[in-house]
Amino acid sequence: MVRPADSCDLCGLPLPVPPLTAAFDGTDKRFCCEGCRRVYDVAARSGMLDDVLPGRRPQAPSLDVVLGRGETAYFSVSGMWCSGCAVAAERALGRQPGVKSADVSFAAERGRIQYDPRVVEPPAALGVLGRMGYDARLLTEPGRRERERLEERTLLHLVVSVALGMQVMLIYVLRLYPLYSRGAFDLPEVDAFEYAAWALTTPVLFYGGFSFLRGAWQALVAHTATMDTLVALGTLSAYVYSVWATLRGGEATYFDSVGMITAIIMLGRYLEVVGGARARKDVRLLLNLQPDRASRRVGGAWVDGRADDLAVGDVVLARPGERIAADGEVVEGAAAVDESLLTGESAPVEKGAGSLVFGGSLVADNGLVYRVTHIPRSSRLAQVAELVQRTLATRAPAQRLADRVSALLAVTIVIAAAVCFVSWWLASGSPGKALLTAVAILVVACPCALGLATPLALSVALGRATRAGILVRNAAALETAARITRVAFDKTGTITEGAMSVVGAVVAAGSGLDRQQLLCLASAVEVRSAHPVARAIAAACPRPELAASEQRGLRGLGVSARLERRGERVLVGSAGFAGVADDSPLVGETVQHLAEGETVVWVAEGERELGFITLRDQPNPTAAAAVAALGALGITATLLSGDDPATTTAVARAIGLDESEGGVAPEAKAARILDRQARGDRVAMVGDGANDGPALAQADVSFTAAGGTDIAAETSDIVLLRRDLTLVPRFIELSRKVRGIVRENLWWAFAYNAVAVPVAALGLLTPAFAAVTMSVSSLVVVLNSLRLRR
């Protein structure tokens, strides 16, 4: 769009004398007000100029980007046992040629790499994880039974550890302990029982404990330390010492400690696997909604085939009890469709001819025949699933900090155990006593609880949010939303339904037009605009006789164009945009309309007023409840709109809002948010995503409602999968609960290690009891996080 030389470089309005100036990228920019200058500054720093400047529209990301192609790949990874494993995997991936960055989430068992396709392909990069013993798969590869196989392997290792470990304990309790207590170390009977214990303990450690021995090796390869490092050092030290004592004779052995530690560790791990699977249940339900088969009409018959083979235009049958295979439009039949797992809407939705249906939703009663509009891989479900996977693969800031502290704690514990071993040996003269103390220190410390504190709670919360119809695109938003103190709402399409309709038109005296001619004149100008107001005006005269050219628009203000057989440009928009004088006789006629909450759109030709059009938009039925719920949380709600201040006030009053401001251009909304942030508020913005880009980018947390299938094109932190504004306070409340759970988990993890390690260093814990307390500490974090599912 070509601007006049004396217009603002942001909004295009006339410049004051003198104008405000500022330098950006070595170029002087001129602005009409301080708000425009600040918005331009924020947008330039955040890469949002395409959203801010009129005429420059951002392109929605292509499906290839959404599905993780190009320079980003997403993968699942199993075989990790603590957050240290995730750190080790990240380091190994980061060292691969061509890999720019790597993120691995232990709790979600998901990862992401950014790579240079000219240097490396994802399968080759992930090969290093396979060599380390992890099972990494690109998300496009089959892997639904990974969790079940992991549970089966862990259970088998647990059974072996307990069965043989109990035999070792019986040998010690019934035979060796009494003999050791009498100092009878050199009897042949002692040697026989020690060799038997050695034989039984070997499979317990090297088969039953294979997971933590492998984890320790993986950490060593990645030059880090994890909980597996501590347990492996402790058990191997006790095992090697006991083998040496058995061969040498004359010393007590500790195969019992090795067996009990291994059995207890594997019991804790099995419970963690089951608990973690339950924590991720909501997310797995969503990801598994896509059916594998579909019945497609071929000729006059229904042919069963792979859902992935469906193409746009195919006619598909969904029988009662089946899930819909792809997004489409119903062509035959009527049925109630359950979309609860996809949108969070609990009640089935009635669908008939012409209704849109979404892949993954369940046909409850009668069958439906629908025509495919989006293939399964580009459906709404596919986009939701991929964005959930992307969020799971990204670690939140608090999680990154906890992982670094966890890795540091593991190294510290290894050093502390070595120091205590030397100190106890020198003090007591007994290498056996020193070894038991060192093993207890290594086993009792639990960096795993610290590493689990944040990611598991976030993973549970993400699953719960998705089930409720809230799609989290940015994991950090789950943390930030807990501190929100103010929520700003857009009006049209957010607080209101966005389905505006023309209710009247007033023609200026001497204009030479009647009511319908005024509507058709405005419709010719607005026909190409996607704004709800423009669509409503265009619908009032669907076939204007005049052709428009040279259309120009200012977001939030209006549109102008040249019409054939008309002399000057026709302007349709706000009073200021149309150049309406304050003393115009028509201004007084708008007062009653504005007080009733109607929107007034002016029409002018050049500098001559032609009249105005009035429109009405019904409030979103959930808006009042959302405002009340925010108030109950102690959060201030405000309405920011580009509509007339009187209309904005009337709409705000109807839903119980005390604060509102009308006549705010999209660029100025970001300045309002920035001003509140400067005063100490944490601000969330709820918009329609159409023209609120700068404000959504400036807000601490941003929400948009996805009304169609193109969820990937949304740019906010949070996408509401249905137009239910009560999801905003619900998400904030969930975020506060997550913050509370994370704080409790971190407090427990720090307190546990602060108490348990010194107690073990004083020699007051046996290795077996240390293993019990360590396993319990991790289970406490898992069970506490599961409270979020209630």
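All figures in this text were calculated on a predicted structure; none of them were measured in a lab. Here the residue index of a chain counts from 1 through its sequence in written order. Only residues with pLDDT of 70 or above have their local features reported here, since the model is predicted, and side-chain atom pairs are shown and tallied only from 80 upward, although totals for entire chains, interfaces and linings are computed over all residues. To get the side-chain values, all heavy atoms of the structure are used, and hydrogens and water are removed first.

What about the overall build of the chain?
Turning to step 1, where the next piece is worked out: For the purposes of this entry, the term helix denotes a DSSP run of H or I that reaches at least four residues, the term strand denotes a run of E that reaches at least two, and both are numbered from the N terminus. When helices and strands are tallied, the chain shows 29 helices and 28 strands.
Turning to step 2, where the next piece is worked out: Looking at the chain residue by residue over its 790 residues, the buried ones come to 55%.
Turning to step 3, where the next piece is worked out: Calculation of accessible area relied on Shrake-Rupley with a 1.4 Å probe; when residues are assessed, cover is drawn exclusively from the protein chains displayed. With the model as given, the accessible surface of the chain reaches about 32,700 Å², and the carbon-plus-sulfur share is 56%. For every residue, the accessible area obtained with a 1.4 Å probe (protein chains only) is divided by the maximum for its type, and the residue is called buried under 20%, exposed over 50%, and partly exposed between those limits.

Notes on the sheet that holds strand S7 (residues 293-298)
Turning to step 1, where the next piece is worked out: In short, DSSP must find at least two bridges between two strands for them to pair. Strand order in the open sheet formed by 6 strands is S8-S7-S9-S15-S10-S13, and the pairing between neighbours is antiparallel. Each having just a single partner strand, strand S8 (301-306) and strand S13 (356-357) make up the two edges of the open sheet.
Turning to step 2, where the next piece is worked out: Relative to strand S15 (residues 368-374), strand S10 (residues 327-332) runs antiparallel, the two being bridged by 5 bridges. Residue pairing across strands places Val 330 opposite Tyr 370, the latter belonging to S15.

As for the environment of Leu 176
Turning to step 1, where the next piece is worked out: If you trace the backbone, Leu 176 turns up in helix H6 (residues 146-181).
Turning to step 2, where the next piece is worked out: We classify Leu 176 as buried; its relative accessible area is 0%.
Turning to step 3, where the next piece is worked out: Sequence separation between Leu 176 and Glu 194 is 18 residues, and the spatial gap between their C-alpha atoms is 8.0 Å.
Turning to step 4, where the next piece is worked out: Excluding its chain neighbours within four sequence positions, the residues that come into contact with Leu 176 are Ile 171, Val 190, Phe 193 and Glu 194. Contacts are assigned to residue pairs that have any heavy atoms within 4.5 Å of one another.

Concerning helix H20 (residues 515-526)
Turning to step 1, where the next piece is worked out: What a helix should span is 1.5 Å times the count of its residues minus one. The terminal C-alpha atoms of H20, which comprises 12 residues, lie 17 Å apart, in line with the 16 Å expected from a rise of 1.5 Å per residue.
Turning to step 2, where the next piece is worked out: Residues Leu 518, Leu 519, Leu 521, Ala 522, Ser 523, Ala 524, Val 525 and Glu 526 constitute the buried set of H20.
Turning to step 3, where the next piece is worked out: Capping of H20 at its N-terminal end is provided by Asp 514; its side-chain oxygen lies 3.3 Å from the backbone amide nitrogen of Gln 516. Under this definition, polar contacts are N or O atom pairs within 3.5 Å; protein pairs additionally need one hydrogen-donor-capable and one acceptor-capable atom, and for neighbouring residues in sequence, both atoms have to be side-chain atoms.

Comments concerning the pattern of salt bridges
Turning to step 1, where the next piece is worked out: One side-chain nitrogen of Lys or Arg within 4 Å of one carboxyl oxygen of Asp or Glu is enough to make a salt bridge. Considering all chains together, one arrives at 18 salt bridges under this definition.
Turning to step 2, where the next piece is worked out: As a salt-bridge pair, Asp 314 and Arg 296 come within 3.9 Å of each other at their nearest N and O atoms. Taken together, the positions of Asp 314 in the loop between S8 and strand S9 (315-318) and Arg 296 in strand S7 put the pair 18 residues apart, joining distant regions of the chain.
Turning to step 3, where the next piece is worked out: Classification of Arg 296 as partly exposed rests on a relative accessible area of 31%.
Turning to step 4, where the next piece is worked out: The salt bridge partner of Asp 724 is Arg 722, with a shortest N-O separation of 3.5 Å.
Turning to step 5, where the next piece is worked out: Taking the relative accessible area as the measure of exposure, Asp 724 reaches 13% and is therefore buried.

Side note on the state of the cysteines
Turning to step 1, where the next piece is worked out: Here, two cysteine sulfur atoms that lie within 2.5 Å of each other are counted as a disulfide. Scanning all chains against the criterion turns up 1 disulfide.
Turning to step 2, where the next piece is worked out: Across a sulfur-sulfur distance of 2.0 Å, Cys 520 and Cys 541 are joined as a disulfide pair. Negative torsions about the S-S bond denote left-handed disulfides, and the value of about 90° found for Cys 520 with Cys 541 makes this one right-handed. Placement of the pair is Cys 520 in helix H20 and Cys 541 in the loop between helix H21 (532-540) and strand S19 (548-554), with a sequence separation of 21 residues.
Turning to step 3, where the next piece is worked out: Classification of Cys 541 as buried rests on a relative accessible area of 5%.

Observations regarding the packing of H20 against H21
Turning to step 1, where the next piece is worked out: Two elements in contact, H20 and H21, have axes whose closest approach is 8 Å; the angle formed by their N-to-C orientations is 130°. Comparing their axes, H21 and H20 come out oblique. Between H20 and H21 lies a crossing of left-handed hand. Taking contact as the criterion, the partners of Gln 516, Leu 519, Ala 522, Ser 523 and Glu 526 in H20 are, on H21, Ala 534, Ile 537, Ala 538 and Ala 540. For helices, the fitted axis covers only the stretch in contact; all axes are lines through C-alpha atoms, and the angles between them, taken along N-to-C directions, range from 0 to 180 degrees. Note on angle classes: values under 35 degrees are labelled roughly parallel, values over 145 roughly antiparallel, values of 65 to 115 roughly perpendicular, and the remainder oblique. The handedness criterion is simple: a crossing whose near helix is rotated anticlockwise from the far helix by less than a right angle is left-handed, and one whose near helix is rotated clockwise is right-handed.

Digging into the sheet that holds strand S22 (residues 599-605)
Turning to step 1, where the next piece is worked out: One open sheet holds the 6 strands; their spatial order is S18-S23-S22-S21-S20-S19, and the pairing between them is antiparallel. The open sheet has two free edges, formed respectively by strand S18 (501-507) and S19, since each of these has just one partner strand. Strand-to-strand twist of the sheet, defined as the mean angle between neighbouring strand axes without regard to direction, takes the value 20°.
Turning to step 2, where the next piece is worked out: As judged from the 4 bridges shared by strand S20 (residues 558-563) and strand S21 (residues 570-573), these two strands associate in the antiparallel manner.

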